[in-house]
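The chain contents come next:
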Amino acid sequence: GELLTESWKYKKSISSNYDRNLDNIFNFALKSGVYGGKLCGAGHGGFFMFLANKISQKKLIEKFKHQCLKIGMEASGSQILY
């Protein structure tokens, strides 16, 4: 989580066209207890990715409703599905 946040801060610092309203989303997530996060994607099609426990996930979903997509991690790594 801390590494995600560190990379987000670096990306934010080198951007010439940074939208300060994104800080409101990020700060809400931090106050909700996420472990960390960063902005992913490019241009106007980006999204925040947060590493969060179930309690923090619930707070984010309540706040942002249909704008959230819950994903998980797989311990066995990449796999080909048929």
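Enquirer: When you look at the overall build of the protein chain in this model, what are you seeing that I'm missing?
Expert: A tally of regular secondary structure across the protein chain gives 3 helices and 2 strands. Going from N to C terminus, the protein chain has its helices and strands arranged as α-α-β-β-α. Across its three principal axes, the protein chain shows a C-alpha extent of roughly 45 × 25 × 25 Å. Put simply, the protein chain has 82 residues, and 22% of those count as buried. The contacts in the protein chain between residues at least 6 apart in sequence include a share of 44% that link residues at least 24 apart. Counting every atom, the protein chain has about 6800 Å² of accessible surface; 57% of that belongs to carbon and sulfur. In the protein chain, 12 side chains carry a positive charge and 6 a negative one; their mean positions are 6 Å apart.

Enquirer: How should the pairing of strand β1 (residues 36–40) be read in this particular structure?
Expert: Successive side chains on a regular strand alternate, one facing one side of the sheet and the next facing the other. For β1, the tally of buried residues reaches 4 of 5 residues, placing the bulk of the element in the interior. Of the strand pairs in this sheet, β1 and strand β2 (residues 47–51) are connected by 5 bridges, and their pairing is antiparallel. By the bridge assignment, C40 is partnered in β2 with F47.

Enquirer: I keep staring at the packing of helix α2 (residues 22–31) against helix α3 (residues 54–64) and nothing clicks. Help me out?
Expert: In the contact formed by α2 and α3, the axes pass within 9 Å of each other and the chain directions differ by 145 degrees. Of the two elements, α2 crosses α3, and the hand of that crossing is right-handed. The segment α2 lies against α3, with I25, F28 and A29 engaging K59, L60, K63 and F64. Looking at the contact of α2 with α3 residue by residue, the classes come out as 5 nonpolar, no polar and 2 charged.

Calculation rules
Residues numbered from 1 in each chain as written. Predicted model: local features only at pLDDT ≥ 70, side-chain atom pairs only at ≥ 80, totals over all residues. Heavy atoms only, no water. Helix = DSSP H or I, 4+ residues; strand = E, 2+ residues; numbered from the N terminus. Buried < 20%, exposed > 50% of the residue type's maximum accessible area, 1.4 Å probe, protein only. Contact = heavy atoms within 4.5 Å. Areas by Shrake-Rupley, 256 points an atom, 1.4 Å probe, with all protein chains shown as cover. Lys, Arg positive; Asp, Glu negative; His and termini not counted. Charge placed at Lys NZ, Arg CZ, Asp CG, Glu CD. Pairing = 2+ DSSP bridges. Axes fitted to C-alpha atoms, helices over the stretch in contact; angles between N-to-C directions. Left-handed = near helix turned anticlockwise from the far one by under 90°. Nonpolar A, V, L, I, M, F, W, Y, C, P; charged D, E, K, R; others polar.

Just distances and angles here, no functional claims.
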